Amino acid sequence: FTKLTGSVKSVHGMDRNSAFSLNGDIYLKRFSEDDSNDAIGLLGEVIYSYVPTGGFSRPTYLLGLRLENESFDNNSARDFTKVTGLAALALRLDDRVSITPGLEISSKSADNEDSQLTGLFFNLDYRIDRDFITYANLKLQTESISTEAVTTANRLDLGGHHTPGEGAIETPVDTGGLPNPN
């Protein structure tokens, strides 16, 4: 499995205490043994951050919205669009360690399946030196999936409907308990 990702990030300060971050990714996934999982994806994200007052250890409040679209090479029924909202609180513990607990809620839609995902996450950043940061992430999530069975049938088998001149069983009529006028 190989994944190539290109990313763009832009931060726009609104005032002294708040900013918007715009992030974009394009990625390509290739599988050496099974090309049915090969895919290309686009991801866009906007994050609003707010620090109520200045200071080294003050929390940063984060609200975000992410939109992701992934298309599979050999199976368009698996293509999906995913919308995610998140809320988090970033805390700097000292000049090397910061933690970010948060909540993430997603809705994923594909041709044959829709799902709702809710999760809590916890990120830990440790700055080794000026150039290197170690990152760990823990996520607990629940997912609710609904699927649609796609079947094909002719109109007669579906509901007893028929077109004029086609021999078929008549469509039942609900008369509300009264005698059928036909």
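Going by the structure above, here's the rest.
Here the structure is a predicted model, which is why all the values come from computation and not from measurement.

Side note on the nonpolar core
Next, step 1: Of all hydrophobic cores here, the largest spans six residues; its members are Ile47, Leu62, Leu86, Ala88, Ala90 and Phe121.
Next, step 2: In terms of residues, this core owes the most to one element, strand S5 (residues 80-92), which gives three residues.
Next, step 3: Once residues within four sequence positions are removed from consideration, leucine 86 is found in contact with Ile47, Leu62, Leu63, Gly64, Arg66, Leu103 and Glu104.

Some thoughts on the side chain of aspartate 38
Next, step 1: Looking at the secondary structure, you find aspartate 38 in the loop between strand S2 (18-30) and strand S3 (39-50).
Next, step 2: Polar side-chain contacts of aspartate 38 include one of 3.2 Å to the side chain of arginine 30.
Next, step 3: Looking at aspartate 38, its side chain comes within polar contact range of the main-chain nitrogen of phenylalanine 31, at 2.7 Å.
Next, step 4: Sequence-distant contacts of aspartate 38, defined by excluding residues within four places in its chain, comprise Lys29, Arg30, Phe31, Ser71, Phe72 and Asp73.

Quick notes on the sheet that holds S5
Next, step 1: One open sheet accounts for eight strands, arranged S1-S2-S3-S4-S5-S6-S7-S8; its pairing is antiparallel. The sheet is open, and its two edges are formed by strand S1 (2-13) and strand S8 (133-147), each paired on a single side. Neighbour-to-neighbour, the strand axes of this sheet turn through a mean angle of 15°, independent of strand direction.
Next, step 2: Bridge analysis of S3 against strand S4 (residues 60-72) gives twelve bridges, and the strand direction is antiparallel. Along S4, the bridge assignment pairs alanine 39 with phenylalanine 72.

Thoughts on the pairing of S4
Remember that side chains alternate between the two faces of the sheet whenever the strand is regular.
Next, step 1: Note: S4 against S5, eleven bridges, orientation antiparallel. Directly across from asparagine 69, in S5, lies its bridge partner threonine 81.

A closer look at a nonpolar patch on the surface
Next, step 1: There is a patch of nonpolar side chains on the surface, built from Leu103, Ile105, Leu120, Phe122, Leu124, Leu138 and Leu140 and spanning about 630 Å² of accessible area.
Next, step 2: Breaking the nonpolar patch down by element, the ones donating at least two residues are strand S6 (97-110), strand S7 (113-127) and S8.
Next, step 3: Mapped onto the elements of the fold, phenylalanine 122 is located in strand S7.

So, how was this worked out
- Note on numbering: residues in each chain are counted from 1, in written sequence order.
- This being a predicted model, a pLDDT of at least 70 is required before a residue's local features are given, and a value of 80 or more before pairs of side-chain atoms are given or counted; all residues contribute to the totals for chains, interfaces and linings.
- In computing side-chain values, all of the structure's heavy atoms are included and hydrogens and water are not.
- To define a nonpolar core, start from buried Ala, Val, Leu, Ile, Met, Phe, Trp, Tyr and Cys residues and group those joined through side-chain atoms within 4.5 Å.
- Burial classes follow relative accessibility: with a 1.4 Å probe on protein chains only, a residue under 20% of its type's maximum area counts as buried, one over 50% as exposed, and anything between as partly exposed.
- Secondary structure elements follow DSSP: runs of H or I of four or more residues count as helices, runs of E of two or more count as strands, with numbering from the N terminus.
- By the convention used here, residues are in contact when the closest approach between their heavy atoms is within 4.5 Å.
- Counting of polar contacts relies on pairs of N or O atoms within 3.5 Å, with two restrictions inside protein: one atom must be capable of donating a hydrogen and the other of accepting it, and residues adjacent in sequence are counted only when both atoms are side-chain atoms.
- Two strands pair if DSSP finds at least two bridges between them.
- The axes used here are C-alpha line fits, helices contributing only the stretch in contact, and every angle between their N-to-C directions lies in the interval 0 to 180 degrees.
- The patch calculation keeps residues exceeding 30% relative accessible area without a salt bridge and links them within 9 Å when they carry like charges or within 5 Å when they are nonpolar (Val, Leu, Ile, Met, Phe, Trp, Tyr).
- Computed with a 1.4 Å probe, the accessible areas rest on the Shrake-Rupley method; for each residue, only the protein chains presented here act as cover.
- Any carboxyl oxygen of Asp or Glu within 4 Å of a side-chain nitrogen of Lys or Arg constitutes a salt bridge here.

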